[in-house]
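# Structural overview for review
Letter by letter, the chains look like this.
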Amino acid sequence: MKKLMLIAVCAFSLILTSCGSDDDGNSNCRECANGAVSIELCDLGNGTYSINGEGAIEIPADSSFDEVFELSCTAIGAGL
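A few points on the structure. All residue numbers here refer to positions counted from 1 along the written sequence of the relevant chain. Where totals are concerned, whole chains, interfaces and linings use all residues; where local detail is concerned, this predicted model gives features only for residues with pLDDT of at least 70, and gives and counts side-chain atom pairs only at 80 or more. Hydrogens and water molecules were not included; the side-chain quantities draw on all heavy atoms of the structure.

## Some thoughts on the nonpolar core
- Counting residues in each nonpolar core, the largest one holds 10 residues, listed as Cys32, Ile39, Leu41, Tyr49, Ile59, Phe65, Val68, Phe69, Cys73 and Ala78.
- The secondary structure listing takes helices from DSSP runs of H or I that are at least 4 residues long and strands from runs of E that are at least 2 residues long, numbered from the N terminus. Contributions of two or more residues to this core are made by strand 2 (37-43) and helix 2 (65-75).
- Aside from chain neighbours lying at most four places away, what touches cysteine 32 is Val37, Ser38, Ile39, Phe69, Cys73, Ile76 and Ala78. We call a set of buried residues a nonpolar core when its members are Ala, Val, Leu, Ile, Met, Phe, Trp, Tyr or Cys and they connect through side-chain atoms within 4.5 Å of each other. Throughout, exposure labels follow a simple rule: accessible area from a 1.4 Å probe, protein chains only, divided by the maximum for the residue type, with under 20% read as buried, over 50% as exposed, and the rest as partly exposed. Should any heavy atoms of two residues lie within 4.5 Å, those residues are considered in contact.

## Re the state of the cysteines
- Defined by distance alone, a disulfide is two cysteine sulfur atoms within 2.5 Å. Overall, the coordinates contain 2 disulfides when judged by the stated rule.
- Residue cysteine 29 pairs covalently with cysteine 42 via a disulfide, S to S 1.9 Å. Measuring the twist about the S-S bond at about 105 degrees, one finds the cysteine 29-cysteine 42 disulfide to be right-handed. Of this pair, cysteine 29 sits in strand 1 (residues 29-34) while cysteine 42 sits in strand 2, and the two are 13 residues apart along the sequence.
- When its relative accessible area of 6% is taken as the criterion, cysteine 42 is described as buried.
- Paired by a disulfide, cysteine 32 and cysteine 73 hold their sulfur atoms 2.0 Å apart. For the disulfide bridge between cysteine 32 and cysteine 73, the dihedral angle about the S-S bond is near -105 degrees, and by the sign convention the bridge is left-handed. Separated by 41 residues along the polypeptide, cysteine 32 in strand 1 and cysteine 73 in helix 2 bring together distant segments of the chain.

## Some points on the sheet that holds strand 1
- As summarised here, the arrangement of the 4 strands in space is 1-2-3-4, forming an open sheet in which the pairing is antiparallel. The open sheet has two edge strands with one neighbour each: strand 1 and strand 4 (54-58). Pairs of neighbouring strands in the sheet enclose a mean axial angle of 25 degrees, with direction left out of account.
- Pairing between two strands requires that DSSP report at least two bridges joining them. Across 3 bridges, strand 2 lies against strand 3 (residues 48-51) in antiparallel orientation. Note that in strand 3 the partner of aspartate 43 across the bridge is tyrosine 49.
- Comment: axis = line fitted to C-alpha atoms, over the contacting stretch for helices; angle = value between 0 and 180 degrees taken between N-to-C directions. Lying over the sheet, helix 2 contacts strand 1, strand 2 and strand 3, oriented at roughly 170 degrees with respect to strand 2.

Shown next, in the form of structure tokens:
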């Protein structure tokens, strides 16, 4: 009986720990690369974006995140 209870407790704890949230990454991120150089831009959703997860940079008022992404990839010589 003790072994059965131990197995049940272990199975229950395994189920609880494996049901984590899938919010680990930002789904609003896009990446481009040119050889060894790669960048990841993430739209933070409040008129700002981050490059490689660092800081928050304002998107210019006359631009969109997509335009900023395209310009950034062009700057490192990466094709889209």
